[in-house]
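Remarks on the overall topology
Chain by chain, the residues run as shown.
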Amino acid sequence: MSSDNKLAGRKLWIPRMTYAGARLMAAVFRSTGIDADVTPESDDRTLELGGLYSSGEECYPEKVTLGDFMRIVHDENFDPDATAFFMPTAEGPCRFGQYAPYLRQVLDEQGYPQVPIVSPTSKNSYDGLGDGSPNMIRFLWRGLVASDIARKMLLKTRPYELQGGSADEAFERTLGLVEEVLETPDLTPREHMDRLVETLVRSRDLFRGVPARYTRNRPLIGVVGEIFCRLNTFSNSDAVRKIEAHGGEAWLSDVTEWVWYTNWSQKALLRREGKTFSLSMLGAVVKNAVQRRDEEKLLGPFAEDFVGYEEPHDVYEQVLRPGWPYLPADGALGEMALSIGKSCYLHGKGADGIIDISPFSCMNGIVSEAVYHALARDYDEMPIRNFYFDATSSSMDRDLDIFMELALGYQKRKRTQRRYPAYFEA
Ligand code: SF4
């Protein structure tokens, strides 16, 4: 990442790939004196401007993120000398790597070469994020983990709530509380962690306080797929709420999964380059260990709530390896390998079906779809269905009726049962 001097006097806009993640990330930036905020909620104007500044060949997440940035550029109060955009990039067989350069091109063409783009890369597992402050990458990681925890609590509570909106309220209050910690400047890593854990205990109790009836008959639907489209509710027309409205409970693949994957990729690349015993490898191993320890501490208060909802603790052993016979992760890079492997993992957690959410024309969804039938055959014919999204979709409501019937049928005959937290009805 570029130095924070470049950001002095500017607002850094963070795209809302996930609403919670972007909010908490912005809070961490604020703790270092950077005026950061989340791009406003996407709407029709997003698609209009996203379409205007793209050729139609780009993938849907590009249209949405570009459209959201261009809404800011088109705002009557836009000041190019007081604006910066955050757009990470990635290596691999994916158009995401072109988002930041393309945004640069559009801004330059519009006469705004002075607007900086902050663009850390997956090549070094986003290590460049640490340039702003010595603890920034660690605190960003903690914010990311906290946002995933908050979303997981939301999704496991909301389908069972007795009063519509109570789980969402607990979620919003959680984000507000965690933001307060994350935006506090000058905390030592220990103070930061202590305050975060204290806050997450409050958040856990908020969710536990949601009036709910936890019954065991709701089908559990694993949601995998392209990271932006599955997590960005605007892009997927709020697919998770639709699953809930159709009687299901969603287990949505989170963002930290991607970070564990990039950590694994970084080490695999170093090994391929003959750097198994190198300072770079040592750095990668230490970072992984520190992140794992932080995650375990933040998850600590949720041990009882996440019984049966445990995420994989070894992305290679529990996700990539089971998926290897279908898509070897040393050749099929990126989310397709994660979607396949996570489907295997979720089968083992007693899921009743898998939904893969991807943008139209995205290679990840297309490749995954091609191998799901083999996976389903080997995994007890668990129902798996791809849903594709673009600005004009979707037929999801209609198709979900059929899918949920299949999931209910599978639920009755499945061989791997779910584990439930103690507060579920017997
Ligand atoms: S994964 Fe697909 S939709 Fe996402 S950025 Fe890459 S090409 Fe585009």
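Structure shown above.
Now for a description of the structure that goes with this document. If you're wondering where the values come from, they're calculated on a predicted model, not measured in any experiment. Residue positions are given per chain, counted from 1 along the sequence in the order it is written. The predicted nature of this model means local features are confined to residues of pLDDT at least 70 and side-chain atom pairs, given and counted, to a pLDDT of 80 or more, with totals for whole chains, interfaces and linings taken over all residues. Only heavy atoms go into the side-chain values, all of them from the structure, while hydrogens and water stay out.

1. Overview of the overall build of the protein
Starting at the N terminus, helices and strands are each numbered in turn, a helix being any DSSP run of H or I of at least four residues and a strand any DSSP run of E of at least two. Assigned secondary structure in the protein consists of 15 helices and eight strands. Dimensions of the protein along its principal axes, counting C-alpha atoms only, are 60 × 55 × 50 Å. When burial is assessed residue by residue, the protein has 58% of its 426 residues classed as buried. Here the analysis covers contacts within the protein between residues at least 6 apart in sequence; of these, 76% occur between residues at least 24 apart. For accessible areas, the Shrake-Rupley method is used with a probe of radius 1.4 Å. Any residue's cover is judged against the shown protein chains and nothing else. Carbon together with sulfur atoms contributes 52% to the accessible area of the protein, which is approximately 18,000 Å² in total. Here Asp and Glu are counted as negative and Lys and Arg as positive; His is not counted, and neither are the chain ends. Note on charges: their place is set at NZ of Lys, CZ of Arg, CG of Asp or CD of Glu. Seen as two clouds, the 50 positive and the 63 negative side-chain charges of the protein have centres 6 Å apart. Whether a residue is buried, partly exposed or exposed follows from its accessible area with a 1.4 Å probe, protein chains only, as a fraction of its type maximum: under 20%, in between, or over 50%, in that order. Contacts were defined at the residue level, with two residues in contact if any of their heavy atoms lie within 4.5 Å.

2. Quick notes on helix α1 (residues 19-31)
Taking 1.5 Å per residue, 13 residues should reach 18 Å; α1 reaches 19 Å between its end C-alpha atoms and fits that length. Here α1 lies mainly inside the structure; ten of its 13 residues are buried. Those residues of α1 that sit buried are Ala20, Gly21, Ala22, Arg23, Leu24, Ala26, Ala27, Val28, Phe29 and Ser31. Of the surrounding elements, those touching the buried residues of α1 are β1 (11-14), β2 (35-38), β3 (83-86), α5 (136-157) and α6 (166-182). Looking one or two residues beyond α1, the residue adopting positive phi is glycine 33, at roughly 90°. Here, expected helix span is obtained from the residue count minus one, scaled by 1.5 Å.

3. What about the side chain of arginine 218?
Mapped onto the elements of the fold, arginine 218 is located in the loop between α7 (189-208) and β5 (220-225). Here arginine 218 sits buried without a salt bridge, and the closest side chain of opposite charge, glutamate 249, lies 6.6 Å off (N-O distance). A polar side-chain atom of arginine 218 sits 3.1 Å from the main-chain carbonyl oxygen of proline 159. Residues within four places of arginine 218 in sequence aside, it is in contact with Pro159, Tyr160, Glu244, Gly247, Gly248, Asp352, Gln411 and Arg418. Within this document, salt bridges are pairs made up of a side-chain nitrogen of Lys or Arg and a carboxyl oxygen of Asp or Glu, the two lying within 4 Å of each other. Here a polar contact is recorded for every N or O atom pair within 3.5 Å, except that within protein the pair must consist of a potential hydrogen donor and a potential acceptor, and residues adjacent in sequence are included only if both atoms are side-chain atoms.

4. Concerning a nonpolar patch on the surface
Together, Leu279, Leu282 and Val286 give the surface a local cluster of nonpolar side chains, amounting to about 330 Å² of exposed area. Positionally, leucine 279 belongs in helix α11 (residues 279-299). Two joining distances apply to patches: 9 Å for like charges and 5 Å for nonpolar side chains (Val, Leu, Ile, Met, Phe, Trp, Tyr), and every residue must have over 30% relative accessible area and no salt bridge.

5. Digging into the sheet that holds β3
Strand pairing within a sheet occurs via backbone hydrogen bonds; the two strands may be parallel or antiparallel. Here, any two strands with at least 2 DSSP bridges between them count as paired. Across the sheet, four strands lie side by side as β2-β1-β3-β4; this open sheet has parallel pairing. Single-partner strands in this sheet number two, and they are β2 and β4 (117-118). In this structure, β3 lies alongside β4, joined through two bridges in parallel fashion. Its bridge partner lying in β4, phenylalanine 86 is registered against valine 118. Along the sheet face, helix α3 (residues 60-74) touches β1 and β3 and points at about 175° away from the line of β3. For helices, the fitted axis covers only the stretch in contact; all axes are lines through C-alpha atoms, and the angles between them, taken along N-to-C directions, range from 0 to 180 degrees.

6. As for unusual backbone geometry
Phi at aspartate 186 is positive, roughly 60°, even though this residue is not glycine. Relative to the helices and strands, aspartate 186 resides in the loop between α6 and α7. You will see that glutamate 381, though not glycine, has its phi angle at about 60°, which is positive. Mapped onto the secondary structure, glutamate 381 falls in the loop between α14 (363-378) and β8 (384-389).

7. A closer look at the pattern of salt bridges
Inspection of every chain in the model, using the stated rule, returns 35 salt bridges. Across the pair aspartate 108 and arginine 104 runs a salt bridge, and its minimum N-O distance is 3.1 Å. Of the two residues, aspartate 108 and arginine 104 both sit in helix α4 (residues 99-109), four residues apart, roughly one turn of that helix. According to the relative accessible area criterion, aspartate 108 is partly exposed, its value standing at 36%. Between lysine 152 and glutamate 311 there is a salt bridge whose closest N-O contact spans 2.8 Å. Placement of the pair is lysine 152 in helix α5 and glutamate 311 in the loop between α11 and α12 (315-323), with a sequence separation of 159 residues. With a relative accessible area of 13%, lysine 152 lands in the buried category.

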